[in-house]
Amino acid sequence: NAGVTQTPKFRILKIGQSMTLQCTQDMNHNYMYWYRQDPGMGLKLIYYSVGAGITDKGEVPNGYNVSRSTTEDFPLRLELAAPSQTSVYFCASRNTGQGVTGELFFGEGSRLTVL
Amino acid sequence: TQLLEQSPQFLSIQEGENLTVYCNSSSVFSSLQWYRQEPGEGPVLLVTVVTGGEVKKLKRLTFQFGDARKDSSLHITAAQTGDTGLYLCAGRAAGNTGKLIFGQGTTLQVKP
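Note that the structure is predicted; figures quoted are calculated from it, not measured. (Residues numbered from 1 in each chain as written. Chains lettered and ligands numbered in written order. Predicted model: local features only at pLDDT ≥ 70, side-chain atom pairs only at ≥ 80, totals over all residues. Heavy atoms only, no water.)

## Regarding the overall build of chain A
Link 1 in the chain: Within chain A one finds zero helices and eleven strands.
Link 2 in the chain: Secondary structure elements of chain A occur, N-terminal to C-terminal, as β-β-β-β-β-β-β-β-β-β-β.
Link 3 in the chain: For chain A, whose C-alpha radius of gyration is 14 Å, the value lies close to the compact-globule estimate of 13 Å for 115 residues.
Link 4 in the chain: Based on the C-alpha atoms only, the size of chain A along its principal axes is roughly 45 × 30 × 25 Å.
Link 5 in the chain: For chain A, with 115 residues in total, the buried portion stands at 45%. (Helix = DSSP H or I, 4+ residues; strand = E, 2+ residues; numbered from the N terminus. Rg over C-alpha atoms; globule rule 2.2 N^0.38 Å. Buried < 20%, exposed > 50% of the residue type's maximum accessible area, 1.4 Å probe, protein only.)

Encoded structure:
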């Protein structure tokens, strides 16, 4: 299994440009998450989804949008990129139900720089 | 707004020393997890605690969930250089099984 796959791994954007970070998982997990991580810091929740067609805001949703049309995919859209969005972005998924630990499985991260 | 405060934010110790990292909140969590992250990689789960007062051990690491389920601690005995990394606590809100928030992390450096 590939687990959680994020693309691209690296990207440089100019201020005002838009882009989509792709995330797909092949574990049939219902819950998916987008976090951002600034240097030496913890993860801030941007958006999350508890299933296809359902999304909700996290701690820092401004400047981002998400959609969840399928169980597998959870893309993150940046409109009008700003320098404050320079960060490493992590997508994660987890299983639910009895007997599961609720472990988050993370992608390798996408490093975004906005100049 | 739920917040998870980790302390200390940075810790530099010699190999063989003991240390404790704290994760505190004013909110109640249905469960709390500890992750470890190495540079350039995503976090990896160490443990999940669910019951107030619960203690779990993972080799030289001991995790405790507070009685009121608002705080947790991670204690490392006889630290090794391989323990170096970023330690993150993450809490799942009571009543909202979807939302999982992280503390700001504790960077641990173990020197030989």
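We are not done yet, so read on.
## Re the side chain of S25(B)
Link 1 in the chain: Relative to the assigned elements, S25(B) resides in the loop between β3 (19-24) and β4 (29-37).
Link 2 in the chain: Here S25(B) is in contact with L3(B), L4(B) and K70(B), once residues within four sequence places are set aside. (Contact = heavy atoms within 4.5 Å.)

## What to know about the interface of chain A and chain B
Link 1 in the chain: Contact with chain A, which involves 21 residues of that partner, is made by 23 residues of chain B.
Link 2 in the chain: Carbon and sulfur atoms make up 53% of the area that chain A and chain B hide from each other, which totals about 1600 Å².
Link 3 in the chain: At the junction of chain A and chain B, the tally comes to zero salt bridges.
Link 4 in the chain: Here chain A and chain B share six residue pairs in polar contact (both at pLDDT 80 or more) between them. (Buried area = accessible area lost by both parts, 1.4 Å probe. Salt bridge = Lys/Arg side-chain N within 4 Å of Asp/Glu carboxyl O. Polar contact = N/O pair within 3.5 Å; in protein donor to acceptor, adjacent residues only side chain to side chain.)

## Things to note about the pairing of strand β3 (residues 19-25) of chain A
Residues and elements named next belong to chain A.
Link 1 in the chain: Going residue by residue along β3, you find M19, L21, C23 and Q25 tucked away on one face and T20, Q22 and T24 left uncovered on the opposite face.
Link 2 in the chain: For strand β1 (residues 4-7) and β3, the ladder comprises four bridges, and the chain directions are antiparallel. In the strand pairing of β3, Q6 is matched with C23. (Pairing = 2+ DSSP bridges.)

## Some thoughts on the pairing of strand β5 (residues 44-49) of chain B
Residue and element names in this part refer to chain B.
Link 1 in the chain: Bridging between β4 and β5 involves five bridges; their strand directions are antiparallel. Bridge pairing links Y35 to L45 in β5.
Link 2 in the chain: Joining the antiparallel neighbours β4 and β5 is a turn of six residues, in which G40 adopts a positive phi near 80 degrees.

## Considering the environment of N95(A)
Residues and elements named next belong to chain A.
Link 1 in the chain: With respect to the helices, strands and loops of the structure, N95 is situated in the loop between β9 (87-94) and β10 (104-106).
Link 2 in the chain: Among the residues examined, N95 registers a relative accessible area of 35% and is labelled partly exposed.
Link 3 in the chain: Taking the C-alpha atoms as reference points, N95 and M27, separated by 68 residues in sequence, lie 8.3 Å from one another.

## Overview of the sheet that holds β3(A)
All names here are of chain A.
Link 1 in the chain: An order of β1-β3-β8-β7 is seen for the four strands of this open sheet, with the pairing classed as antiparallel. Edge strands, defined here as strands with exactly one partner in the open sheet, are β1 and β7 (64-66). Along the sheet, successive strands turn relative to each other by an average axial angle of 20 degrees, direction set aside. (Axes fitted to C-alpha atoms, helices over the stretch in contact; angles between N-to-C directions.)

## As for the nonpolar core
Link 1 in the chain: The biggest cluster of nonpolar side chains holds 22 residues, and the ones touching the most others in it are L19(B), L32(B), W34(B), L74(B), I76(B) and L108(B).
Link 2 in the chain: The set of elements that each furnish at least two residues to this core consists of β2 (10-14), β3, β4, β5, β7 (61-65), β8 (71-76), β9 (85-93) and β11 (106-111) of chain B.
Link 3 in the chain: Excluding anything up to four places from it in sequence, L32(B) contacts L4(B), C23(B), V47(B), T48(B), V49(B), F65(B), S72(B), C89(B), A90(B) and G91(B).
Link 4 in the chain: M32(A), W34(A), L78(A) and V114(A) belong to the second-largest nonpolar core, a separate cluster that totals 19 residues. (Core = buried A, V, L, I, M, F, W, Y, C linked by side-chain atoms within 4.5 Å.)

## Observations concerning the state of the cysteines
Link 1 in the chain: The final tally for this structure, using the stated rule, is two disulfides over all chains.
Link 2 in the chain: The side chain of C23(A) participates in a disulfide bridge whose partner is C91(A); the two sulfur atoms lie 1.9 Å from each other. On the sign convention where negative means left-handed, the S-S torsion of about -70 degrees between C23(A) and C91(A) marks this disulfide as left-handed. With a gap of 68 residues between them, C23(A) in strand β3 and C91(A) in strand β9 connect regions that are remote in the sequence.
Link 3 in the chain: The partner cysteine of C23(B) in its disulfide is C89(B), sulfur to sulfur 2.0 Å. With the S-S bond torsion at 75 degrees, the cross-link from C23(B) to C89(B) turns out right-handed. Of this pair, C23(B) sits in strand β3 while C89(B) sits in strand β9; the two residues are 66 residues apart in sequence, bridging distant segments of the chain.
Link 4 in the chain: A relative accessible area of 0% places C23(B) in the buried class.
Link 5 in the chain: By relative accessible area, which is 0% here, C89(B) ends up buried. (Disulfide = S-S within 2.5 Å.)

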